[in-house]
Each structure stands twice: as structure tokens, then as C-alpha cells.
Amino acid sequence: MATPMVLAEGVHKSFGRLEVLRGINLAVAPREVLCIVGPSGSGKSTFLRCINHLEKIDAGRLSVDGELVGYRQHGDKIYELPDREVCRKRAEIGMVFQRFNLFPHMTSLQNIMEAPMRVKGEPQKEVEQRGRALLARVGLADKVDVYPNQLSGGQQQRVAIARALAMQPKLMLFDEPTSALDPELVGDVLDVMRGLAQDGMTMVVVTHEMGFAREVGDSLVFMDGGVIVESGNPRDVLANPQHERTRSFLSKVL
Amino acid sequence: MSEPIVSSARSRPEAIQAIPLRHPWRWIAAVLVLALAAAALYTFAAAPGLDWRVVGQYLFFPQVLHGVLVTLELTAIAMAIGVALGALLAVMRLSPNPVVSTVSWFYIWFFRGTPVLVQLFFWYNLALILPHLSIGIPFTHIEWIGTTNQIISPFLAAILGLGLNEAAYMSEVVRAGIISVEQGQTEAAQALGMTRMRVMRRIVLPQAMRVILPPTGNETISMLKTSSLAYITTVNELFYVTTQISNANFSIVELLIVASIWYLAMTSLLTFGQYYLERYFARGASRQLPPTPLQRFRRLLFHFHDPPPVGPFEPLATSASHHDDRVM
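Analysis parameters
- Residues numbered from 1 in each chain as written.
- Chains lettered and ligands numbered in written order.
- Predicted model: local features only at pLDDT ≥ 70, side-chain atom pairs only at ≥ 80, totals over all residues.
- Heavy atoms only, no water.
- Helix = DSSP H or I, 4+ residues; strand = E, 2+ residues; numbered from the N terminus.
- Buried < 20%, exposed > 50% of the residue type's maximum accessible area, 1.4 Å probe, protein only.
- Contact = heavy atoms within 4.5 Å.
- Areas by Shrake-Rupley, 256 points an atom, 1.4 Å probe, with all protein chains shown as cover.
- pLDDT = per-residue confidence, 0-100.
- Expected span 1.5 Å × (residues − 1).
- Pairing = 2+ DSSP bridges.
- Axes fitted to C-alpha atoms, helices over the stretch in contact; angles between N-to-C directions.
- Arc of directions from axis to C-beta.
- Salt bridge = Lys/Arg side-chain N within 4 Å of Asp/Glu carboxyl O.
- Parallel < 35°, antiparallel > 145°, perpendicular 65-115°, else oblique.
- Left-handed = near helix turned anticlockwise from the far one by under 90°.
- Nonpolar A, V, L, I, M, F, W, Y, C, P; charged D, E, K, R; others polar.
- Buried area = accessible area lost by both parts, 1.4 Å probe.
- Polar contact = N/O pair within 3.5 Å; in protein donor to acceptor, adjacent residues only side chain to side chain.
- Patch = residues over 30% accessible without salt bridge, like charges linked within 9 Å, V, L, I, M, F, W, Y side chains within 5 Å.
- Phe/Tyr/Trp six-rings, centres within 6.5 Å; stacked < 30°, edge-to-face > 60°.
- Lys NZ or Arg CZ within 6 Å of the ring centre and 35° of its normal.

Let us now look at the overall build of chain B. When helices and strands are counted, chain B shows 14 helices and 2 strands. The buried share of chain B, taken over its 328 residues, is 34%. Sequence-distant contacts, at least 24 apart, represent 70% of the contacts inside chain B between residues at least 6 apart. Total accessible area on chain B is roughly 21300 Å²; 68% of this is exposed by carbon and sulfur atoms.

And the structure:
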């Protein structure tokens, strides 16, 4: 098997006394779409944020594309990485947030162009071309010069996806990308994500959209209380859950 | 069975042509206020001991005009120092580096905790405790020595006193602006691979400007007036000049009026400038820019009873909704 894109071994994370992650083990292969489901407070968003080091893990090992996240191992000692190195690794991972977090003082295109130009130092012309193409791809070619507050939630989220893709990431993280959207706007965002999956993007998706997980996901993980309760093929897990907790959760959301 | 109301949606009902509510008390209050203001103005203008010709004579006196320029210069330089150093101190204050944040804390503690008049006196009298100042590079022979009175001119003493004091206040203004920006903005920027400093410069500070600007305008106007304290360092600013003149001709109140007219004129100008600056930084934050003073005046005169103008964008129910769900 090739190097997994994401490899978690016994990942622990606490906020003060509260233990949010209590030993997470999983592997995501390149081009795989992993969906993480579970009740709120189960630690699924925290785990996602650990993958690009927005949160520091306390114990265990977490690596992306064969390299530790936030640390460097030399012999049996672990060294913290400097800010610059952490940033360089984050630049290779795209992230989409529940609340979009577009930069409100920039237009759609400026939102998309900011990081490729300033972080990667790519030439403006090239980045602008790519930015316009990405906006067209998410169905917003006519919203190039529009500020985020003039867009609907679904449109904002699609710009946010385009912004992450502009960095040409090798991995995309989605943190409940449709949870803040009105029901009729969810479909457009899911369509964009489905397209990404078909193009072979490696994706980790925290979601409550069981239909999406069943249809697009290659694998599914059910988390509760900071541990993985059950995992497997989404169609099997959703149709035929083995654990009581999975069954009771699914009976509430399906 | 009566016809449901909804079905009439096809033929749009005619617009409401209501007779506007009258506000007689507004008119009565306006007349009263005008009468009182006229009475006060008359009493003041006709005061027997006040010679308005002296006011007119000195209003455009060359020395006074020069004083106005010096006041503007002092304000501009001191505010520039205040804003630049203040922004730096604010970022330092929020730094994860404990040394850096403690230094900032002490600076603010000291300069905010002592009166600016005392600080001005201190810089002016620095020569009393340090007669010589030298600047040099350690372990080399490159050194520059001068007497303190040569280096710290009255103008520099005023600049240092006002500017360093202002930085302490501005840093708190900037810090308030920085922490007003939603945490998600920083996270989104970090997730794109931006370093801490770049996140601050490109994402957080531009958004913080909207919160920073109004109090900064306030500080600038305040500084314009506080700069009159620099008269104790014998800088030829407006208040010092008018005091010098009245010391010679004993027209004390007349020259205070001259100074007040100029201060009012300058602060009015600043208020105007601040308004347009705020409009600029409101882009992307409000769907419709507020009207300019001119637009507002025209509306007051010609469209008194019209409903307020409607914004160019229809309100969007989706994205804005969770920002607006305050408890009523």
C-alpha cells in the first residue's frame, strides 16, 4: 500500500481537563474520501483541526503524507516545528469551515488569489486565471468582483472551496461544510464536493449529510466520546450498524 | 366561503398613500432652541468688555497663522508616532512571546499612568539630569555626542511628550480592534498557510480598521487640543502664540476667542475627513454605504417626508441570518 495521506495512531487531545480525543486510529489512502459522522461533542471537528495543526495533539502520532504534523522526529526525540514550517505544511492542505470564514474585506477573486500570491509567491496573472477558472467551476463565474456579504451562504461556501483549491492542495478537509446552510442551498455545495471526489481529490469530510456519505464516501467513521466506535464501507455501516451507539445515532438522523 | 387573501397576490394592491404623522412638538422645540441660542449669542456678542475688532485684527495675524501651522504639524507628527508605535505595542501585547508582551504592558502602564503635562515637562527639562547625550555603536569608536539642549529642542520635547503618551492610548485602541475580529478569520488564514505576521497584516488589521478608526479620529481631535499643552515647552504653537500676544496687549479673552476659532475650524476639518475615511473602510462590511453629509443635507431639505432610500441589494436571508439572531 502507498503511504497513507493521513495516518493517525493513538491520537489524544485534551482541552484542560476535558479529554476530547481518546485514541484515534485511522488511515486515509490517497484519492480516498473519508466521511466522519457522530453526535456533536464527539471530537470529530477537533480531530479534523488536528490534521492541519490548528490544534496540537497531546499524545500519539499524526502524520500527513508520511510527515508528522507540527513536529519533527529525530531518533527517539520529538522537536516542535517553527511557525514557518507549520505554515509550509498547512499550505498543502485545504480546509473548508462550517461558517465559510471568507475574508469580508476582499472580493471573491481577491479571497482566492490572496494565498497563492502571498504565501506561494506565484505570479499574479497565472493566479488570476486559475482563480477565475475555479469560480467558474463552482458555478460562480459572474460573482468574481462581489464581496462575500453580497453572496448567499451557499455561494460563500463555494467561494471558500475555490479559495482552498487555489492552493492546489493534496488533501482537503471539510468541517461540516453544509451545516450553516439553508436546506435548499446544500445541494449546490455537495455537487461541488462530489465533483472534487470524482477528480480524485483526497478528502476528509465531517458531515451530517448521510446521503452524501453513502453516495460519495469510500469509507465512513462513526465517532462518539472521543473514540471511533465503528468504521467501514459507508453503505454497510449506514444500512447495518453493528454497535448500539451507532444504531441509536443513526435512528435519530436518518 | 370567502376568497383567501393570498390569491390576490397576482394583482398587486395599490401602494399605501398615508398622510404622514405630524410632529408639532419638533417644531415648537426647534423654535425654543433657536430663541435661546440667539439670546445667548447676543449676550456674548454685546458684552461690554469684549472688543470684537481685536478678534478680527488678530485672526489672520501672521504669527497666529504660523501658530496654526505649528499646531497642525505637532498634531500630525505626534499622531503618526502614536499610531505607528501604538500598533506595534498592540501586536506586542497580543504576542505569544512573554518578554515582548510584558514590555508592552509596562510601557502602557507607565505612559498612561502619568499626566501628559508632567511628561512634557520631563522631556523639556531632561538636560537638568542628563546634560550630555551620546549615541554610539558598542565596541567601536563610532559615537556621536551632543549636549541635551542641542538635541532635544522645544519642538522635539513636545513631539516626544505627546507622541509617546499617545502611543500608549493608541495601542489599546488597536488592541480592541484586533480582538474584535472573529477568530475564524485567523483560522481560515492560517489554514491557507499564512504566517502569524501575514495574518495580522493582510487579514486581521484591515478588518480591525473599522473598529479602530472612530476612536482614532477621536484621539486625533483630542491631540489637536492637547497639543496646546506644548506651550510649556515654549513651542510656537497656536495657544503659545496667542498667550504671548495677550501678555503684551492684555486682550486676554479676545485672543482666547481667536485661538478657539482656529481650534474649532481645525477640528471641524478633521471630523469631515474622518467621515470619509470610515466610509472607505466600511466596504465589504455594510451592504450600503452611509450617505455623505451632502447627501444627507439634500435629503433633509428636499425629501423630508420620503421613506428612507432602499439599499441596492435585497437582504439575503441565508448568510446574514445567524449574525442577526440576537435575543430580542
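The pLDDT averaged across chain B works out to 85; a share of 85% of its residues lies at or above 70. Counted against residues more than four places away or in other chains, residues 310–328 of chain B, with its pLDDT under 50, gives 22 contacts.

What follows covers helix α12 (residues 252–281) of chain B. Residues and elements named next belong to chain B. Here α12 is 30 residues long and its end C-alpha atoms lie 43 Å apart, about the 44 Å a rise of 1.5 Å per residue gives. For α12, the set of buried residues is Glu254, Leu255, Ile257, Val258, Ala259, Trp262, Tyr263, Met266, Thr267, Gln274 and Arg279. Where the residues of α12 are buried, they touch α1 (24–45), α2 (52–59), α3 (62–93), α10 (196–226) and α11 (238–249).

This paragraph deals with the sheet that holds strand β8 (residues 93–96) of chain A. Residue and element names in this part refer to chain A. Taken in spatial order, the 6 strands make up an open sheet running β8-β9-β10-β3-β11-β12, and their pairing is mixed. The open sheet terminates on both sides in strands that have one partner only, identified here as β8 and β12 (227–232). Between one strand axis and the next, the sheet turns by 15° as a mean value, whatever way the strands run. One ladder, built from 5 bridges, connects strand β11 (residues 219–224) with β12; its direction is antiparallel. The partner of aspartate 224 across the bridge, within β12, is valine 227. Running at roughly 170° to β8, helix α5 (residues 153–165) makes contact with β8 and β9 (171–175) of the sheet.

Looking now at helix α5 (residues 116–124) of chain B. All names here are of chain B. Restricting attention to buried positions, one finds in α5 the residues Val116, Gln119, Leu120 and Trp123. Along α5, the residues classed as buried sweep out an arc of 100° about the axis, all on the same side. For α5, the elements touching its buried residues are α4 (98–113), α6 (126–129), α8 (154–180) and α10.

Right, let's talk about the pattern of salt bridges for a bit. Enumeration over the complete set of coordinates arrives at 22 salt bridges over all chains. For A:Arg49, the salt bridge identified is with A:Glu55, shortest N-O distance 3.0 Å. Across the pair, A:Glu55 and A:Arg49 agree in class, each one buried. In this structure, A:Asp65 and A:Lys170 form a salt bridge, with 3.0 Å as the shortest nitrogen-oxygen distance. In this pair, A:Asp65 is assigned in the loop between β4 (59–64) and β5 (67–68) and A:Lys170 in the loop between α5 and β9, connecting sequence segments 105 residues apart. For A:Lys170, a relative accessible area of 27% translates into the label partly exposed. Through salt bridges with shared partners, one network takes in B:Arg93, B:Arg112, B:Glu172 and B:Arg175.

This part covers the packing of α3(B) against α8(B). All names here are of chain B. Where α3 meets α8, the closest approach of the two axes is 5 Å, and the angle between their N-to-C directions is 45°. If you check the angle between α3 and α8, you find them oblique. When the axes of α3 and α8 are compared, the crossing they make is right-handed. Of the residues assigned to the contact of α3 with α8, the class counts are 21 nonpolar, 4 polar and 5 charged.

This next bit is on the interface of chain A and chain B. It is common to give the size of an interface as the accessible area that goes away when the parts come together. Residue-level contacts link 34 residues of chain A with 29 residues of chain B. Summing both partners gives a buried area of about 2800 Å² for chain A against chain B, and 56% of it is carried by carbon and sulfur. Contact with chain B buries surface across chain A, with A:Phe103, A:His105 and A:Asn149 losing the most and accounting together for 21% of the total. The interface formed by chain A and chain B contains 2 salt bridges. For the pair chain A and chain B, the number of links is 7 residue pairs in polar contact (both at pLDDT 80 or more). Every element with two or more residues in the side of chain A that touches chain B is listed here: α2 (83–90), β8, α3 (108–118) and α5 of chain A. Residue contributions to the side of chain A that touches chain B peak at 4 residues, all from α5(A).

Residues and elements named next belong to chain A. Strands sit in the order β2-β1-β4-β5 across an open sheet of 4 strands; the sheet is antiparallel. Looking along the sheet, the strands with just one partner apiece sit at the ends: β2 (18–28) and β5. Relative to β2, strand β1 (residues 6–15) runs antiparallel, the two sharing 8 bridges. Note that in β2 the partner of valine 11 across the bridge is isoleucine 24.

Here we take up a nonpolar patch on the surface. A cluster of nonpolar side chains, contributed by B:Trp105, B:Phe106, B:Trp109 and B:Phe110, occupies part of the molecular surface with about 480 Å² of accessible area. Considering the arrangement of structural elements, one finds B:Trp105 in helix α4.

All right, on to the packing of aromatic side chains then. Counted by the stated rule, this structure contains 13 aromatic pairs over all chains. Between B:Phe106 and B:Trp109, the ring centres sit 5.9 Å apart and the planes meet at 85°, which makes this aromatic pair edge-to-face. Here the residue B:Phe106 and the residue B:Trp109 both occupy positions in helix α4, the gap between them amounting to 3 residues, near one helical turn. For B:Phe106, a relative accessible area of 45% puts it in the partly exposed group. Judged by its relative accessible area of 52%, B:Trp109 is exposed. Three or more aromatic residues joined by ring pairs form one cluster here, namely B:Trp105, B:Phe106 and B:Trp109. The ring of A:Phe103 carries A:Arg163 above its face, with NZ or CZ at 4.5 Å from the centroid.

Let us look at unusual backbone geometry. Note: most peptide bonds trans; most residues except glycine with negative phi. Residue and element names in this part refer to chain A. With a phi angle near 55°, aspartate 65 is a residue other than glycine that sits in the positive phi range. For aspartate 65, a relative accessible area of 33% translates into the label partly exposed. If you check the backbone angles, asparagine 101 has positive phi at about 55° while not being a glycine. Locating asparagine 101 in the fold gives a position in the loop between β8 and α3. Residue classification places asparagine 101 among the buried residues on the basis of a relative accessible area of 6%.

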